[in-house]
Every structure is written in structure tokens, then in C-alpha cells.
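Spelled out, the chains give:
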Amino acid sequence: MRLDLYFARRFLRALLIVLAMFAGLILMVESLDQLRDLADLGVGSAAVLHMALLRVPRTLYDILPIIVMIATLVLFLGLARSSELVVARAAGRSALRSLVPPVAVAFLFGALSVAVFNPIAATTERSYERQKTLFSQGEAQVFSVSDEGLWLREGTPSGQMVIRAGRSNLDGSQLQEVSFIGFAPDGTPLYRIEAQSAQIEDGQWHLTGAKRWPLTGAANPEAAATVHDTLTLTTSLTPDEIRDRFGAPEAVPFWELTSYIDKLEVAGFSARSYRMWLQSELALPFSFIAMVLIAAGFTMRHTRLGNTSSRVITAVLLAFGFYFLRSFAIVMGQNGLLPISLAAWAPPLAVILASLALLLHLEDG
């Protein structure tokens, strides 16, 4: 047990050091990118640093499997160089037994990343997108899904418009049971429109079965209301922008994914990409285990046996191959080319089994 705790502590220390190094590197790169992107908008250095800090958690979270792999290389290369693995083998401990502590730490780190780090990364990513829109456009256009339906706020220099729909088609271009409320730049409500349906096309909302109430200049809005078989409203939105308002699945915190999926499906939207992301997040701890086993398979031998650099390069290439295979499977699952469960779970489980076979062949004959 004492040796297990020693190996686990060494791996955790290597993991934290590599994580801190990548966080600092990402912060520098993001600061330069934000400085370049926001230079023409007159944004100060404090805002640039703030935007860079908002980007760090999301970028760091995306490369966590690579960080786990590098930390495993650091651990086992250090143990092999100091002959501690040789001593462990001489004491009767097999290679697979020595892998139990780092595998356990990797699994717990993966579970903690999904439960805690994922919501932090999702929250900072949403804040980054909101701040970026405010800097570039001056107004934020917000999309949300709730139990009451879809909510969309469109902001322009001439005012704002809040749109609520009971349901929608898959791409958000056709809304049913729609309400439009227009506001002046000072926040004064100007009108309210209720329509049976609304379709966006060529920069306009085409409403059918609409009723319009003026909210200013009329003592009795109901008496001044007008009914229209068809009505058009100018908009700066496009169907693509409405789809973008959903945001990437990565922008939804893990603990809110299930309820968000239910709301999307009730509203009439496809939630396949969100279901794929949910399953891939559940499989993330096993992806970390796969990275540990890939790196360990090529670095647990003593350094005096030679070919250390070639074995490290091979491990890195295979780890990156698994990383891109996992990403490719997620994309295929989101597009419906693979079943969601197969796309999420097959890559890490297949790599785990292949790595175990390699370890049994190389270490235990």
C-alpha cells in the first residue's frame, strides 16, 4: 500500500506540473491572439487579459488527454531512470500491478474533470462568447431554451426585440406560437405581436396569423390592435446565426446537459450532438486510462536497454493518433454516421484492451 501511494503521489505531482505548464503556455498564446483580434476595437490591456483568462479553461480542458499522456511519460521515465521500477519488479511486483496507482489517479482525475472542470470551462466559454459579441457588435444576441419554449433577444442600435416561440423546426428558421416584443433603445416597449408561425427569409420575419398591439401612443392597446393574415418584420438574424445561438455542446455544463437535451427535443430541435457530447464526457475517464496505458507500454522498460527516445516518440504518436481518433468518432456520432454509444465508448475501450495486450507481451512475456 505504501508503494501504491508513492506511485500515485508521483503521478499526481507530474500531472499537476504538466497541467500548470500548459496553462501558462495557453495563457501566453491566448493573450497574443486576443491582443491581435481586439487591437482595432480600442480594448485595454486589462480586458485583453480578461478575455485570455476566459479562454484558458476551455482550451486546457480540450487537451486534458494529452496532458495525462505527457504526465505518464514523465512519471515512468523518471521511475525507469532511477531504477525504482527495477526494485519494484525485484520485490515481486508485476508491471500491471505497478500500473494500478496511476490508472486509479487518472480515472479519479477524469471523473473530477467531468464533474467540476467541465462546468467551469463551459461557463467561462459562454462568458467569452458574450464579451466577444459585446466588443465586436456593441449588443448581445442571446438564445436560450426553457420549459416555456425558445427565447431569442436580438439587439441592434435602433432597439431590441425579444422573441419567444413555443416550438421550432430543426434549424430554427420556422417558429410556431411566436411572440415578438419590440423595445426602443432606452428600453421603452413599443409593440407586441402574437403570430401562429414565423419564418425567417431574406432578412425578414414572415409572420402568418399575426395580431399587433401598439404599446406606446395608444390609451387602449387592445382597441388599437390590428390583425394581419401576413406581416413582415425586418431582422438582422439569419438561420445560420440562430443555429449558432445554441452554441456548441461544449458550452453547456455537464450537469445541465440532460435537462438541456430534453428541452431541445420538446422544442422540436435535434439534440443528437448534445447526446453525443454527453456520452463522450462520461467516457472521458476511460480515455485518460487509455492514455496512461499507451504511454506506460513504451516507457516502463529500463533506460539502459536503449531506444528510449524512439519509444517515447512512438508513444506520443500513438497517443495523438488515439486523440484524433476519439475526436473523429465524436464528429461521426454527431452527424449520425455512427451510433452514439459506439462512437463514444469504442475508441477508449479498444485502446485500453490493445495497450493491455502490449503490456502483457512486453513486460510479462
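The sections below set out a description of the structure shown in this document.

Calculation criteria
Residues numbered from 1 in each chain as written. Predicted model: local features only at pLDDT ≥ 70, side-chain atom pairs only at ≥ 80, totals over all residues. Heavy atoms only, no water. Salt bridge = Lys/Arg side-chain N within 4 Å of Asp/Glu carboxyl O. Helix = DSSP H or I, 4+ residues; strand = E, 2+ residues; numbered from the N terminus. Buried < 20%, exposed > 50% of the residue type's maximum accessible area, 1.4 Å probe, protein only. Phe/Tyr/Trp six-rings, centres within 6.5 Å; stacked < 30°, edge-to-face > 60°. Lys NZ or Arg CZ within 6 Å of the ring centre and 35° of its normal. Core = buried A, V, L, I, M, F, W, Y, C linked by side-chain atoms within 4.5 Å. Contact = heavy atoms within 4.5 Å. Patch = residues over 30% accessible without salt bridge, like charges linked within 9 Å, V, L, I, M, F, W, Y side chains within 5 Å. Areas by Shrake-Rupley, 256 points an atom, 1.4 Å probe, with all protein chains shown as cover. Pairing = 2+ DSSP bridges. Expected span 1.5 Å × (residues − 1). Bend = angle between axes of the 7 residues up to and from the residue.

Counted by the stated rule, this structure contains seven salt bridges. Here Glu125 and Arg55 are joined by a salt bridge, their closest N and O atoms 3.0 Å apart. One end of the pair, Glu125, is in helix α5 (residues 95-137); the other, Arg55, is in helix α2 (residues 45-62), with 70 residues separating them in the sequence. Comparing Glu125 with Arg55 shows no difference in burial state: the two are buried. Among the charged side chains, a salt-bridge network with shared partners connects Glu30, Arg55 and Glu125.

Enumeration over the complete set of coordinates arrives at nine aromatic pairs. Aromatic side chains Phe109 and Phe288 sit 5.7 Å apart centroid to centroid with 25° between the ring planes, which places their arrangement in the stacked category. With Phe109 in helix α5 and Phe288 in helix α9 (residues 284-299), this residue pair connects regions lying 179 residues apart in the sequence. Residues Phe109 and Phe288 agree in their burial class; the two are buried. In this structure an aromatic cluster arises from ring pairing among Phe107, Phe286 and Trp345. In this structure, Arg55 packs its charged tip against the face of Tyr128, placed 5.1 Å from the ring centre. Between the NZ or CZ atom of Arg192 and the centre of the ring of Trp213, over which it lies, the distance is 5.2 Å.

Before going further, it helps to examine the nonpolar core. Formed by 62 residues in total, the largest nonpolar core has its most connected members in Phe11, Leu64, Val68, Phe76, Leu99 and Met291. Looking at which element gives the most residues to this core, the answer is helix α3 (residues 64-81), with twelve residues. Setting aside chain neighbours within four positions, we find Leu99 in contact with Phe76, Val292, Leu293, Ala296, Met300 and Leu359. Membership of the second largest hydrophobic core comes to 19 residues, among which are Met161, Ala195, Ala198 and Leu237.

This brings us to a nonpolar patch on the surface. A cluster of nonpolar side chains, contributed by Leu25, Met28 and Val29, occupies part of the molecular surface with about 280 Å² of accessible area. Mapped onto the secondary structure, Val29 falls in helix α1 (residues 2-38).

Time to look at the pairing of strand β4 (residues 174-183). Of the pairings in the sheet, the one linking β4 to strand β5 (residues 189-201) comprises nine bridges and is antiparallel in character. Bridged to Gln176 within β5 is Ser197.

Glancing now at the side chain of Glu30. In this structure, Glu30 sits in helix α1. In contact with Glu30, other than residues within four places in its own chain, are Ala52, Arg55 and Thr59.

Here Ile200 shows up in strand β5. Distance in space between the C-alpha atoms of Ile200 and Thr235 is 8.4 Å, their sequence separation being 35 residues.

All right, on to unusual backbone geometry then. Of note, the phi angle at Glu177 is positive, near 55°, even though the residue is not glycine. Note that Glu177 resides in strand β4.

On the secondary structure map, Ala350 appears in helix α11 (residues 340-363). The class for Ala350 is partly exposed, based on a relative accessible area of 45%. A C-alpha to C-alpha distance of 8.8 Å links Ala350 and Ala290, two positions 60 residues apart in sequence.

Along an α-helix, a turn takes 3.6 residues, which lines up residues three or four apart on a common side. With 18 residues, α2 extends 26 Å between its outermost C-alpha atoms, agreeing within 8% with the 26 Å of an ideal straight helix rising 1.5 Å per residue. Of all the bends found along α2, the most pronounced is centred on Val56 and spans about 30°, while Pro57, a proline, follows it within four residues. Those residues of α2 lying buried are Val48, Met51, Ala52, Leu54, Arg55, Val56, Pro57, Arg58, Thr59, Leu60 and Tyr61.

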